[in-house]
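Residue-level listing of the chains:
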Amino acid sequence: MSALLILFVCLALGILCRRYASLPEGMVPGINWWVLNVALPALVLALVPHVTVDAHLWFPVVGMYVTFFGAWALFALLGRVLGWSAQRIGCLTLVSGLGNTSFMGYPLMEALHGKPGLSIAVIADQLGCFPLLAAGGIVVASIYSGKGASVPTIVRRVLTFPAFLALLVGIVVSVSGGWPSAIEKVLLQVGQTLTPLALFSVGLQFKLHLRREEAGPLAASLGWKLLLAPLIVLGIGLAVGVSGLILTVGVLQAAMAPMISAAILADQHGLEPRLANTVLGAGILLSLVTIPLGNLFLPAG
């Protein structure tokens, strides 16, 4: 579980440095730029060629899309009813719709269900969350940031988003037989900087002292991500006859804490970064309880 320990250590270091250290100006934007434009694309390039598509594994992938588009519909509706700003709707859509299916999902699924569980988790992450972040995430960020939401602008931003380009290149490399081992090793080493740097950045911005008007959005966001979304995914799986380990991992991946890169994307587009980082930090802590607890009520496979 050393991968999970890294989450806590880097988050704690960021919180401590924010409180006690004298930090250089522009540190957070610099870290976030590296995470989104270098580390994340490198990780996508390294992992995508290893994805094996199996027709029987559609369920965990569909669960990711249900979680994302369900969050978008829910918070667009709540925002209209409660008079939320466009920035808040975009923020909550990103952090509630995209899950931490790799850096938390991989070690948790391996710890709970071994290598068979991990292999299913990788499918959900690589064919579900990565494309959603690379395409859907940038569309949501563009629409709700007020930086231009015309169709040509959104298409341009999607097509120039480094993670999306890396996804396309990774697919081509996969079809061509994969990377040479030396290149893959370099990509993995660069990609591995994502987790510590991203969590450190989150820690630098993390605050549990919410404004009163942020308490409701925080509860709604985590209520969707950690409870309602996985229950809906479970209902879909049972309705169509999915069972065993595929059902379990699909539901648990839908229940993962918010994605680190989603919070950084919200920060880069000015979508209430303080709220996004608080949802992220609180979600990481809570999911370490809710995931093992939920697993007790699901089939072991």
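Residues numbered from 1 in each chain as written. Predicted model: local features only at pLDDT ≥ 70, side-chain atom pairs only at ≥ 80, totals over all residues. Heavy atoms only, no water.

**Comments concerning the packing of aromatic side chains**
In the structure shown here, the tally under the stated rule is six aromatic pairs. Taking the centre distance of 6.5 Å and the plane angle of 25 degrees together, the rings of F75 and W84 count as stacked. Assessed through its relative accessible area of 16%, W84 is described here as buried. Through successive ring pairs, a cluster of aromatic residues spans Y65, F68, F69 and W72. (Phe/Tyr/Trp six-rings, centres within 6.5 Å; stacked < 30°, edge-to-face > 60°. Buried < 20%, exposed > 50% of the residue type's maximum accessible area, 1.4 Å probe, protein only.)

**Comments concerning helix α9 (residues 194-205)**
Helix length check: α9 (twelve residues) gives 17 Å between terminal C-alpha atoms against 16 Å at 1.5 Å per residue, within 8%. Counting buried residues along α9, ten of its twelve residues qualify, which places the element largely inside the surrounding structure. Restricting attention to buried positions, one finds in α9 the residues L194, T195, A198, L199, F200, S201, V202, G203, L204 and Q205. (Helix = DSSP H or I, 4+ residues; strand = E, 2+ residues; numbered from the N terminus. Expected span 1.5 Å × (residues − 1).)

**A look at the pattern of salt bridges**
All chains considered together, the criterion is met by two salt bridges. With a closest N to O distance of 3.0 Å, R88 and E272 form a salt bridge. Of this pair, R88 sits in helix α4 (residues 86-97) while E272 sits in the loop between α12 (260-268) and α13 (273-295), and the two are 184 residues apart along the sequence. Taken as a pair, R88 and E272 share a single burial class, namely buried. A salt bridge links R274 to E214; the shortest N-O distance between them is 3.6 Å. Of this pair, R274 sits in helix α13 while E214 sits in helix α10 (residues 212-239), and the two are 60 residues apart along the sequence. (Salt bridge = Lys/Arg side-chain N within 4 Å of Asp/Glu carboxyl O.)

**Concerning a nonpolar patch on the surface**
On the surface, L165, L168, I171 and V175 cluster together into a nonpolar patch covering about 360 Å² of accessible area. Examined against the element boundaries, L168 turns out to sit in helix α7 (residues 162-175). On the basis of relative accessibility, which here comes to 39%, the residue L168 falls in the partly exposed class. (Patch = residues over 30% accessible without salt bridge, like charges linked within 9 Å, V, L, I, M, F, W, Y side chains within 5 Å. Areas by Shrake-Rupley, 256 points an atom, 1.4 Å probe, with all protein chains shown as cover.)

**A few points about the nonpolar core**
L40, L94, L98, M109, F161, I260 and L265 are the most contacted members of the largest nonpolar core, which has 96 residues in total. For this core, the element with the most residues is helix α5 (residues 105-145), which contributes 18 residues. Setting aside residues up to four positions removed in sequence, M109 forms contacts with G114, G117, L118, A121, V249, L252, Q253, M256 and I291. (Core = buried A, V, L, I, M, F, W, Y, C linked by side-chain atoms within 4.5 Å. Contact = heavy atoms within 4.5 Å.)

**What to know about the environment of D267**
One can find D267 in helix α12. The residues touching D267, leaving out its near neighbours within four places in the chain, are V28, N32, Q205 and P273.

**Structural notes on the packing of α12 against α13**
Think of two packed helices as two axes; the pair is described by the angle between the axes and how far apart they sit. Where α12 contacts α13, the two axes come as close as 8 Å, and the packing angle between them is 170 degrees. When the axis of α12 is compared with that of α13, the two are roughly antiparallel. Facing I260, A263, A266 and D267 of α12, the residues of α13 in contact are P273, A276, N277 and L280. A per-class count over the contact of α12 with α13 returns six nonpolar, one polar and one charged. (Axes fitted to C-alpha atoms, helices over the stretch in contact; angles between N-to-C directions. Parallel < 35°, antiparallel > 145°, perpendicular 65-115°, else oblique. Nonpolar A, V, L, I, M, F, W, Y, C, P; charged D, E, K, R; others polar.)

**Overview of the side chain of S145**
Mapped onto the secondary structure, S145 falls in helix α5. In this structure S145 comes out as buried when scored by relative accessible area, which is 12%. Polar side-chain contacts of S145 include one of 2.7 Å to the backbone oxygen of A141. A polar contact is formed between the side chain of S145 and the backbone oxygen of S142, at a distance of 3.5 Å. (Polar contact = N/O pair within 3.5 Å; in protein donor to acceptor, adjacent residues only side chain to side chain.)

**Notes on the environment of I138**
Examined against the element boundaries, I138 turns out to sit in helix α5. The buried category is assigned to I138, whose relative accessible area is 5%. Residues within four places of I138 in sequence aside, it is in contact with L133, R157, V158, F161, L265 and H269.

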